[in-house]
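What follows is each chain in one-letter form.
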Amino acid sequence: SQTIHQWPATLVQPVGSPLSLECTVEGTSNPNLYWYRQAAGRGLQLLFYSVGIGQISSEVPQNLSASRPQDRQFILSSKKLLLSDSGFYLCAWRSQGTGELFFGEGSRLTVL
Amino acid sequence: QQPVQSPQAVILREGEDAVINCSSSKALYSVHWYRQKHGEAPVFLMILLKGGEQKGHDKISASFNEKKQQSSLYLTASQLSYSGTYFCGPEPAAAGNKLTFGGGTRVLVKP
């Protein structure tokens, strides 16, 4: 069966520090992958999505970037964090069969 | 552009019904619905494809009117477990795989 892993689960970072969040999917090949951010009490904001290795569509410019170095690995990065980057980051993969999204458990980021 | 959900919040007593609406400014291929419990990741409820079909998940059902670019989620005879935030995710016909979500509707079901 397919599973999705995200890490770290929680992190506290100072403003201006770098960020790397990692997501891996098991049990499926060539999945569509997504990064969402959820600010406290707010909706899900689509940040990036990828339909294949090296193919990244960006919905949010600013100071975040994403990479897909391997088929089932999706990485969210920042060189310098802003206070506004705080939030709950969710990685998801999409089933080719049913179309539904399966979310990871999320990474909760606090920028101080 | 994000889809628009209404209402933003609703409080129900157990057994009551509620409707959550979702509208998009774009022609749609499908609409997804998810529920998120506090502190957890969203969980898939259902997906509706073009064709105006209705679907059900327990006593939660949804409809999709692609002409109006709208979808509605119906909570019938609500249970305590229905509490959470509901998100709709319309998938544009012209941009498949780009799944954006509305701001969510917070549902609280009280005994």
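In this text the structure is predicted, and so the values were computed from the model without any measurement. (Residues numbered from 1 in each chain as written. Chains lettered and ligands numbered in written order. Predicted model: local features only at pLDDT ≥ 70, side-chain atom pairs only at ≥ 80, totals over all residues. Heavy atoms only, no water.)

To continue, consider the overall build of chain A. Summing up its helical and strand segments, chain A has zero helices and 11 strands in all. Helices and strands appear in chain A in the N-to-C order β-β-β-β-β-β-β-β-β-β-β. In terms of overall dimensions, chain A has C-alpha extents of about 40 × 25 × 20 Å along its principal axes. Taken across its 112 residues, chain A has 50% of its residues classed as buried. Contacts in chain A between residues far apart in sequence, at least 24 positions, make up 53% of those at least 6 positions apart. (Helix = DSSP H or I, 4+ residues; strand = E, 2+ residues; numbered from the N terminus. Buried < 20%, exposed > 50% of the residue type's maximum accessible area, 1.4 Å probe, protein only. Contact = heavy atoms within 4.5 Å.)

The next point concerns the interface of chain A and chain B. Counting from both sides, the interface comprises 22 residues of chain A and, opposite them, 20 residues of chain B. For the pairing of chain A and chain B, the buried interface totals around 1,600 Å² over both sides, and the portion due to carbon and sulfur atoms is 56%. Of all residues in chain A, the largest losses of buried area upon contact with chain B belong to L44, R94 and F103 of chain A, amounting jointly to 30% of the total for that side. Scanning the region where chain A abuts chain B turns up two salt bridges. Our count for the contact surface shared by chain A and chain B stands at 10 residue pairs in polar contact (both at pLDDT 80 or more). Taken together, the elements giving at least two residues each to the side of chain A that touches chain B come down to β4 (32-38), β5 (45-52), β9 (87-94) and β10 (101-103) of chain A. For the side of chain A that touches chain B, the element with the most residues is β4 of chain A, which contributes four residues. (Buried area = accessible area lost by both parts, 1.4 Å probe. Salt bridge = Lys/Arg side-chain N within 4 Å of Asp/Glu carboxyl O. Polar contact = N/O pair within 3.5 Å; in protein donor to acceptor, adjacent residues only side chain to side chain.)

A separate point is unusual backbone geometry. Put simply, W7 of chain A and P8 of chain A share a cis peptide bond, and its omega is 0°. Assignment of secondary structure puts P8 of chain A in the loop between β1 (3-7) and β2 (10-13). Here the amide bond leading from S6 of chain B into P7 of chain B is cis, since omega sits at -5°, within 30 degrees of zero. Of note in this structure, N30 of chain A is not a glycine but carries a positive phi near 50°. Relative to the elements of secondary structure, N30 of chain A occurs in the loop between β3 (19-26) and β4. The class of N30 of chain A is partly exposed, set by a relative accessible area of 38%. One non-glycine residue, A77 of chain B, lies in positive phi territory at about 50°. Looking at the element boundaries, A77 of chain B is found in the loop between β8 (70-75) and β9 (84-92).

Below, the discussion takes up the sheet that holds strand β7 (residues 64-70) of chain A. All names here are of chain A. Reading across from one edge, β1-β3-β8-β7 is the order of the four strands in this open sheet, with antiparallel pairing throughout. Only two strands of the sheet have a single neighbouring strand rather than two, namely β1 and β7. Ignoring strand direction, the axes of neighbouring strands in this sheet form an average angle of 15°. Both β7 and strand β8 (residues 73-78) contribute to a ladder of five bridges, which runs antiparallel. (Pairing = 2+ DSSP bridges. Axes fitted to C-alpha atoms, helices over the stretch in contact; angles between N-to-C directions.)

This part is about the packing of aromatic side chains. The description of an aromatic ring pair uses the distance of the two centres, along with the angle that the planes make with each other. Taken as a whole and judged by the stated rule, the model has nine aromatic pairs over all chains. Arranged with centres 6.0 Å apart and planes meeting at 20°, the rings of Y34 of chain A and Y49 of chain A form a pair that is stacked. With Y34 of chain A in strand β4 and Y49 of chain A in strand β5, the pair connects residues that are 15 residues apart, well separated along the chain. Taken individually, Y34 of chain A and Y49 of chain A each receive the classification buried, so the pair is uniform in this respect. Their ring planes at 65° and their centres at 5.4 Å tell us that Y36 of chain A and F101 of chain B sit as a pair that is edge-to-face. Of this pair, Y36 of chain A sits in strand β4 while F101 of chain B sits in the loop between β9 and β10 (105-110), placing the two residues on different chains. Three or more aromatic residues link up through ring pairs in this structure, and these residues are Y34, Y36, Y49 and F103 of chain A together with Y34, F44 and F101 of chain B. A cation over an aromatic ring shows up here: R108 of chain A above the ring of F88 of chain A, its NZ or CZ 4.2 Å from the ring centre. (Phe/Tyr/Trp six-rings, centres within 6.5 Å; stacked < 30°, edge-to-face > 60°. Lys NZ or Arg CZ within 6 Å of the ring centre and 35° of its normal.)

Another point: the side chain of S78 of chain A. Residue and element names in this part refer to chain A. You can see S78 is positioned in strand β8. Here K80 takes part through its backbone nitrogen, which lies 3.3 Å from a polar atom of the side chain of S78. Beyond its immediate stretch of four places on either side in the chain, S78 contacts P18, L19, N63 and L64.

Residue and element names in this part refer to chain B. Here we have five strands laid out as an open sheet, ordered β2-β10-β9-β4-β5, and mixed in their pairing. The sheet terminates laterally at β2 (9-13) and β5 (43-49), the two strands that pair on one side only. The average undirected angle you get between the axes of adjacent strands in this sheet is 20°.

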